[in-house]
Amino acid sequence: MAHGGSRAGQIALAVVVAGVLGAPAAQAQPEMWPEVRLVGERVIAHDLEVRGTVLGGLSGIDYRANTGEYVLISDDRSERNPARFYTARFAVDGDGLGPVTFTGTHALLDPSGAEYPAKSVDPEEIRVDPWTGDHFWTQEGERADTVLIDPSVRIARPDGAYVGDLPIPDNERMRPDAGPRRNAALEAATFAAGGTLFVTALEGPLLEDGPGPTIAHGSLNRLTVQARSGPVLAQYLYPTEPVFAASRPTPGRGDNGIVSILATDPLDPSTLLVLERAYVPGVGNKIRLYEADLAAATNVHGGAATGARPAAKRLVADLDDLGLTHIDNIEGMTWGPRLPSGERTLILVSDNNFSAGQVTQLIALAMR
């Protein structure tokens, strides 16, 4: 069943927040760059040791504007080292993306204060709370033959200590015949409306919302909007693209999904930047950025996807078109500092899956 009242409440709340915080400062009009352009890229040494841990699996990144530092979460399921996030510094300016210095690593701790046992969590996204500086991080849980572990949104102090959990919608819990698919659950998250709202996205569709993407069709994935204090306000459907190519030599093995989201405007919680990551065996990766508009979408919180109107979307950039030397398994993104031109930087990071055949890649883009 759709709920009609929460949409207006979100917009009203955003207007109030904008009035308190003030509108963004006007920027000088830059030259007419293409909407998105490449600023620079860096590849991090494979299996780099950082404070006694192996760097890899970087699936989420966020920027602490007050310190100029970045936080990056690893999707290591406590199998190589304890579940953790890193801090790093690097310059992004008109000259490109500078050398990367990793300044620390912090284990994510459970409610008892202990490190997570192997395979008990699957970290994916990390966001710094603009109000408190705490870290909200998502993990995908597990769906296996005899194991069902719910995904979750957890809150940690900057040192990794456990603070609490946000509730998740009932339909995002793992059940034998319903809920998220394996390794396609809570992959993406962002704060919106000045930090008053928290928005999450499933990488793939719920089992009850239809099949995953193929070369013939995309999928309908759920975006969840909740108050920062926890109550779920709405859910919307987002239409992913079909798989971009046939896999080889074995057909039918490609996939595409949502791996990161960002609020685009502090005054408008209905607009999001969505990072779709596709991988096709024998072909490679395709990474695309879309703008999603939720304003006319049906609120499907507590209801089925059948007959609902999904979010509108438009292509912002295909990384194939930006002149990169290599495109790996990009999974995380964050807004970075503004350039002297007035352009906003977007920083992307790849998850190398701890594989010697892949790379940990940082990319800086500029966006008008």
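Residues numbered from 1 in each chain as written. Predicted model: local features only at pLDDT ≥ 70, side-chain atom pairs only at ≥ 80, totals over all residues. Heavy atoms only, no water.

A.B. asks: Explain the overall build of the protein to me, and be specific about the residues and the numbers.
C.D. replies: Secondary structure summary: the protein contains one helix and 26 strands in total. Computed over its C-alpha atoms, the radius of gyration of the protein comes to 19 Å, within 12% of the 21 Å expected for a compact globule of 368 residues. Projected onto its principal axes, the C-alpha coordinates of the protein cover approximately 50 × 50 × 45 Å. Burial statistics for the protein: of 368 residues in total, 55% are counted as buried. Within the protein, counting contacts between residues at least 6 apart in sequence, those at least 24 apart form 59% of the total. Total accessible area on the protein is roughly 14,900 Å²; 53% of this is exposed by carbon and sulfur atoms. (Helix = DSSP H or I, 4+ residues; strand = E, 2+ residues; numbered from the N terminus. Rg over C-alpha atoms; globule rule 2.2 N^0.38 Å. Buried < 20%, exposed > 50% of the residue type's maximum accessible area, 1.4 Å probe, protein only. Contact = heavy atoms within 4.5 Å. Areas by Shrake-Rupley, 256 points an atom, 1.4 Å probe, with all protein chains shown as cover.)

A.B. asks: Describe unusual backbone geometry, naming the residues involved and giving the relevant values.
C.D. replies: For the peptide bond that leads from Arg248 to Pro249, omega is 5 degrees, which places it in the cis range. Within the element layout of this structure, Pro249 appears in the loop between strand E19 (232-239) and strand E20 (255-263). The backbone of Phe354 sits at a positive phi, close to 55 degrees, despite the residue not being glycine. One can find Phe354 in the loop between strand E25 (344-350) and strand E26 (360-367).

A.B. asks: For the pairing of strand E21 (residues 271-280), give the residues involved together with the corresponding values.
C.D. replies: Among the 10 residues that make up E21, nine are buried, leaving the element largely enclosed by the rest of the structure. Two strands pair when backbone bridges link them, and E21 and strand E22 (residues 284-293) are joined in this way by 10 bridges, in the antiparallel orientation. Counted as the bridge partner of Val274 is Tyr290 from E22. Counting the residues in the hairpin turn of E21 and E22 gives three residues, including Gly282, whose phi is positive at 85 degrees. (Pairing = 2+ DSSP bridges.)

A.B. asks: Would you mind going over the sheet that holds strand E10 (residues 123-128) in detail, with residue names and values included?
C.D. replies: Reading across the sheet, the four strands line up as E10-E11-E14-E15 and stay open at both edges, with antiparallel pairing between neighbours. Of all strands in the sheet, those with a lone pairing partner are E10 and strand E15 (162-166), marking the two edges. Each strand of the sheet is rotated relative to its neighbour by a mean of 25 degrees, with strand direction disregarded. Strand direction decides the pairing type here: strand E14 (residues 152-156) and E15, joined by four bridges, are antiparallel. From the neighbouring strand, Ala156 faces E15, where its bridge partner is Tyr162. (Axes fitted to C-alpha atoms, helices over the stretch in contact; angles between N-to-C directions.)

A.B. asks: Hey, could you go over the layout of surface pockets for me, with residue numbers and the actual values?
C.D. replies: Quantified by volume, the second largest pocket comes out at close to 690 Å³. Taken together, 29 residues form the lining of the second largest pocket, with Asn183, Arg277, Asn329, Glu331 and Asn353 sitting closest to its centre. Residue assignment for the lining of the second largest pocket shows that the elements contributing at least two residues are E20, E21 and E22. A per-element tally of the lining of the second largest pocket places E20 first, with three residues. (1 Å grid on protein atoms, 1.4 Å probe; cavity = no way out; pocket = protein on both sides within 12 Å on 5 of 7 lines; lining within 4 Å. Points joined across faces, edges and corners; volume = space filled by probe spheres on them.)

A.B. asks: Before we move on, can you summarise the pattern of salt bridges with the specific residues and values?
C.D. replies: Applying the stated criterion across every chain, the model contains 22 salt bridges. Residues Arg64 and Glu69 are paired through a salt bridge, measuring 3.1 Å at the closest nitrogen-oxygen approach. A single burial state applies to Arg64 and to Glu69, both of which are buried. For Glu331, the salt bridge goes to Arg277, with nearest N and O atoms at 2.8 Å. One end of the pair, Glu331, is in strand E24 (residues 330-338); the other, Arg277, is in strand E21, and 54 residues separate them in sequence. The residues Glu331 and Arg277 share a single accessibility class, namely buried. (Salt bridge = Lys/Arg side-chain N within 4 Å of Asp/Glu carboxyl O.)

A.B. asks: Break down the environment of Leu348 for me, citing the residues and quoting the values.
C.D. replies: With respect to the helices and strands, Leu348 occurs in strand E25. Of the residues examined, Leu348 reaches a relative accessible area of 0% and is grouped as buried. If we skip the residues at most four places from it in the chain, Leu348 touches Leu319, Ile330, Gly332, Met333, Gln361, Leu362, Ile363 and Leu365.

A.B. asks: Just give me the short version of the sheet that holds E20, but keep the residues and values in it.
C.D. replies: The pairing of strands in a sheet comes from backbone hydrogen bonds and takes either a parallel or an antiparallel form. The four strands lie next to each other as E20-E21-E22-E23, forming an open sheet whose pairing is antiparallel. Lying at the two open borders of the sheet, with one neighbouring strand each, are E20 and strand E23 (312-318). Direction aside, the axes of adjacent strands within the sheet are offset by 30 degrees on average. In this structure, E20 lies alongside E21, joined through eight bridges in antiparallel fashion. Bridge pairing links Ile261 to Val274 in E21.

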